[in-house]
Amino acid sequence: MLYYNDMNRRFLLSSALLFAAGSAAAQAKTKVVATFSILADLVEQVGGERIELATLVGADTDAHAYQPKPADARTVADAQALVSNGLGFEGWIDRLAKAAPFKGRAIVASTGVPTITAGHSHGHGHSHGQGPDPHCWQDVAAARRYVDTIAKGLAAADPAGAALYRDRAAAYDARLAELDGWVRSEIGKVPASQRKAITGHDSFRYFSKAYGVQFQSPRGYNTSTEPSAKDVAALIRQVREQKIKALFVENMTNPGLVEQIARESGAVVGPRLYSDALSKPDGPAATYEKMMRHNVTALVQGMLKN
Ligand SMILES: [Zn+2]
């Protein structure tokens, strides 16, 4: 009997402690908003259970062309930290933050990343003019800088969590370093002269610069959002002449043009590439790491046919 009571008391005591710890953790969660799915994964890797994360632009959705909803303003108004890519990627973010209003810590993930200047229209609904290309995350080295900036920003918004953010960021950074090496060794399997691919829009410049793959896009040719028939014809001629078989469509863009080029040049469109958004959780690119591995695997398979 005594034994039973003792056990019972210990059980009650430990559940009370667990309950107290659980509710304290729930109260302490730092509310963080990330603008789009790829960034949200990086933030999640750093923040883990310590943060309550909301994502404005979800899987398979184009963040360039996003139109904030009234609920987004409420989400942003409640947040202690707001993580955006910057470089004009989310053209709508400043207005949303002002209207909400957002009073927390703004973290611009691309801060400090050496940028590539885009000289022409991006092609899916906005123009970069002469500004920097915002798609830095396609170079894993840039994503590693994002992670460092996110960890420092979260620590500033929630100083009590600084050590946890730093440790998680360091562990994740080690995985990203390994990922970067893997990308290089995979691309290295393709002879240099065959490292060419066609994509629907030009969001792979950072990838191109970091890993030595030449990308061309029907929408990269001029400043209008739709390329002229002449430009498309020129690209088709080039695809035929150079026997490019690596043709791809991104997950958040209209596949029409690339399909036309494939049809008219005798190529077959490969698996979808994930450029500006992750896939849904059951898809092949549910995290940043999975996205890079999926894209590189598809690119290498396609380019080996060139
Ligand atoms: Zn884009």
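In short, a report on the structure. (Residues numbered from 1 in each chain as written. Predicted model: local features only at pLDDT ≥ 70, side-chain atom pairs only at ≥ 80, totals over all residues. Heavy atoms only, no water.)

## Quick notes on the pairing of strand β2 (residues 51–57)
- Across six bridges, strand β1 (residues 30–36) lies against β2 in parallel orientation. Paired with T30 across the strands is I51, a residue of β2.
- Handedness of the crossover is the feature at issue here: the chain leaves β1, passes through helix α2 (residues 37–47), returns alongside β2, and the resulting connection is right-handed. (Pairing = 2+ DSSP bridges. Helix = DSSP H or I, 4+ residues; strand = E, 2+ residues; numbered from the N terminus. Right-handed = clockwise from strand over helix to strand, strands pointing away.)

## Re the pattern of salt bridges
- On inspection of all chains with the given rule, the structure shows ten salt bridges.
- Across the pair K29 and E49 runs a salt bridge, and its minimum N-O distance is 3.9 Å. Taken together, the positions of K29 in the loop between α1 (2–28) and β1 and E49 in the loop between α2 and β2 put the pair 20 residues apart, joining distant regions of the chain.
- Classification of K29 by relative accessible area gives partly exposed; the value is 27%.
- Accessibility expressed as a relative area gives 67% for E49, which makes it exposed.
- Where E186 meets K189, a salt bridge forms, and the shortest distance between an N and an O atom there is 2.7 Å.
- The network of salt bridges with shared partners includes D133, D202 and R205. (Salt bridge = Lys/Arg side-chain N within 4 Å of Asp/Glu carboxyl O. Buried < 20%, exposed > 50% of the residue type's maximum accessible area, 1.4 Å probe, protein only.)

## Quick look at the nonpolar core
- Within the largest apolar cluster, 73 residues are counted, with the highest numbers of intra-cluster contacts made by I150, I187, F207, Y288 and M291.
- The greatest single-element share of this core, amounting to nine residues, is contributed by helix α5 (residues 140–157).
- For this core, the domains that each give at least three residues are domain 1 (29–183) and domain 2 (190–303).
- Within the second largest apolar cluster, 13 residues are counted, among which are L235, V239, L247 and I261. (Core = buried A, V, L, I, M, F, W, Y, C linked by side-chain atoms within 4.5 Å. Domains from an automatic or database assignment.)

## Brief notes about helix α3 (residues 70–78)
- Among the residues of α3, those classed as buried are D72, A73 and V76. Summarising the axial view, the buried residues of α3 lie within an arc of 100°, below the 170-degree limit, and thus occupy one face. Those residues of α3 that are exposed and aimed more than 90 degrees away from the buried face are P70, R74 and D78.
- Looking at the buried positions of α3, the neighbouring elements they touch are β1, β2, β3 (81–84) and α4 (93–99). (Arc of directions from axis to C-beta. Contact = heavy atoms within 4.5 Å.)

## Examining the environment of S193
- Here S193 is to be found in the loop between α6 (162–187) and β5 (196–198).
- Considered as a pair, S193 and M303 are 110 residues apart in the sequence and their alpha carbons are 9.7 Å apart.

## Some thoughts on the pairing of β3
- The two faces of β3 match: A81 and V83 on one face and L82 and S84 on the other face are all buried.
- Both β3 and strand β4 (residues 105–108) contribute to a ladder of four bridges, which runs parallel. Residue L82 lies in a different strand from β4, and its bridge partner there is A106.
- The handedness of the β3 to β4 crossover, carried by α4, is right-handed.

## Topic: the packing of α2 against α6
- Close contact between α2 and α6 brings their axes to 7 Å; oriented N to C, the two are set at 125°. Classed by the angle they form, the pair α2 and α6 counts as oblique. Residues D41, L42, E44, Q45, V46 and G47 of α2 touch α6, and the partners they reach there are L164, Y165, R168, A169, Y172 and R175.
- Of the residues assigned to the contact of α2 with α6, the class counts are six nonpolar, two polar and four charged. (Axes fitted to C-alpha atoms, helices over the stretch in contact; angles between N-to-C directions. Parallel < 35°, antiparallel > 145°, perpendicular 65-115°, else oblique. Nonpolar A, V, L, I, M, F, W, Y, C, P; charged D, E, K, R; others polar.)

## Some points on α6
- The end-to-end C-alpha distance of α6 is 37 Å, a good match for the 38 Å that 26 residues give at a rise of 1.5 Å each.
- Every buried residue of α6 is accounted for by Y165, A169, Y172, L176, L179, D180, V183, E186 and I187.
- Contacts from the buried residues of α6 go to β1, α2, β2, α5, α7 (205–211) and α10 (288–303). (Expected span 1.5 Å × (residues − 1).)

## Things to note about the environment of P70
- Mapped onto the elements of the fold, P70 is located in helix α3.
- Distance from P70 to A99, taken between C-alpha atoms, is 10.0 Å for residues 29 residues apart in sequence.

## Side note on the packing of α6 against α10
- It is at 10 Å that the axes of α6 and α10 come closest, and there the two elements cross at 5°. In terms of axis orientation, α6 runs roughly parallel to α10. Between α6 and α10, the contacting residues are Y172, R175, L176, E178, L179, W182, V183, E186 and I187 on the first element and Y288, E289, M292, R293, V296, T297, V300 and M303 on the second.

## Side note on unusual backbone geometry
- A cis geometry characterises the amide bond from A100 onward to P101, with omega recorded as -15°.
- With respect to the element layout, P101 can be found in the loop between α4 and β4.
- For K243, which is not glycine, the phi torsion reads 50° and is therefore positive.
- In this structure, K243 sits in the loop between α8 (229–241) and α9 (256–265).

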